[in-house]
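Chain and residue survey
Each chain is listed here by its residues.
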Amino acid sequence: QIRAKSEGSDKRLSASKSILFGPALNPRIVTPARYLYIQAVRENGRNFTKSAGEYVFVAKIDIEHDGRKSRLRSEVRDRGDGTYQVFFFYGIQPDAL
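This one's a predicted model, so the numbers in the text were calculated from it and none came from an experiment.

**Brief notes about the nonpolar core**
With 15 residues, the main nonpolar core has Ala40, Phe57, Tyr84, Val86 and Phe88 as its most contacted residues. At the level of elements, strand 3 (33-39), strand 4 (57-59) and strand 8 (83-89) are the ones that each hand at least two residues to this core. Counting residues per element, this core draws most heavily on strand 8, at three residues. With residues near it in sequence (within four places) discarded, Phe88 still touches Ala24, Pro32, Ala33, Arg34, Leu36, Ile61, Leu72, Arg73 and Ser74.

Pasting the structure below:
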């Protein structure tokens, strides 16, 4: 689940129009560390070309394995160009390293 913290603010960010892309969305790519990108999009459909703000997106990555649900630790990084990188570990949590 990806949601915008500031949806409806004066920057008019739209979580529903923002675009997710990247290797974490392809189940055939298997690595312990995974990432995807978010292109921030305004309510009017235009892409942000600069940062929409450092903490505008929250990522919650939930998985189910052997009948147990758990949430993966994730981090959202502002790339300063209207895109955000969501980084998370699958299979190995950083605290266990």
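Next, the rest of the story.
**Quick look at the pairing of strand 8**
Within strand 8, six of the seven residues are buried, which leaves it mostly tucked inside the rest of the structure. Bridging between strand 3 and strand 8 involves seven bridges; their strand directions are antiparallel. Its bridge partner lying in strand 8, Tyr37 is registered against Gln85. Across five bridges, the pairing between strand 7 (residues 74-78) and strand 8 is antiparallel. Paired with Asp78 across the strands is Tyr84, a residue of strand 8. Joining the antiparallel neighbours strand 7 and strand 8 is a turn of four residues, in which Gly80 adopts a positive phi near 80 degrees.

About the criteria used
- Residues numbered from 1 in each chain as written.
- Predicted model: local features only at pLDDT ≥ 70, side-chain atom pairs only at ≥ 80, totals over all residues.
- Heavy atoms only, no water.
- Core = buried A, V, L, I, M, F, W, Y, C linked by side-chain atoms within 4.5 Å.
- Buried < 20%, exposed > 50% of the residue type's maximum accessible area, 1.4 Å probe, protein only.
- Helix = DSSP H or I, 4+ residues; strand = E, 2+ residues; numbered from the N terminus.
- Contact = heavy atoms within 4.5 Å.
- Pairing = 2+ DSSP bridges.

Read these as layout, nothing more, since geometry by itself doesn't imply function.
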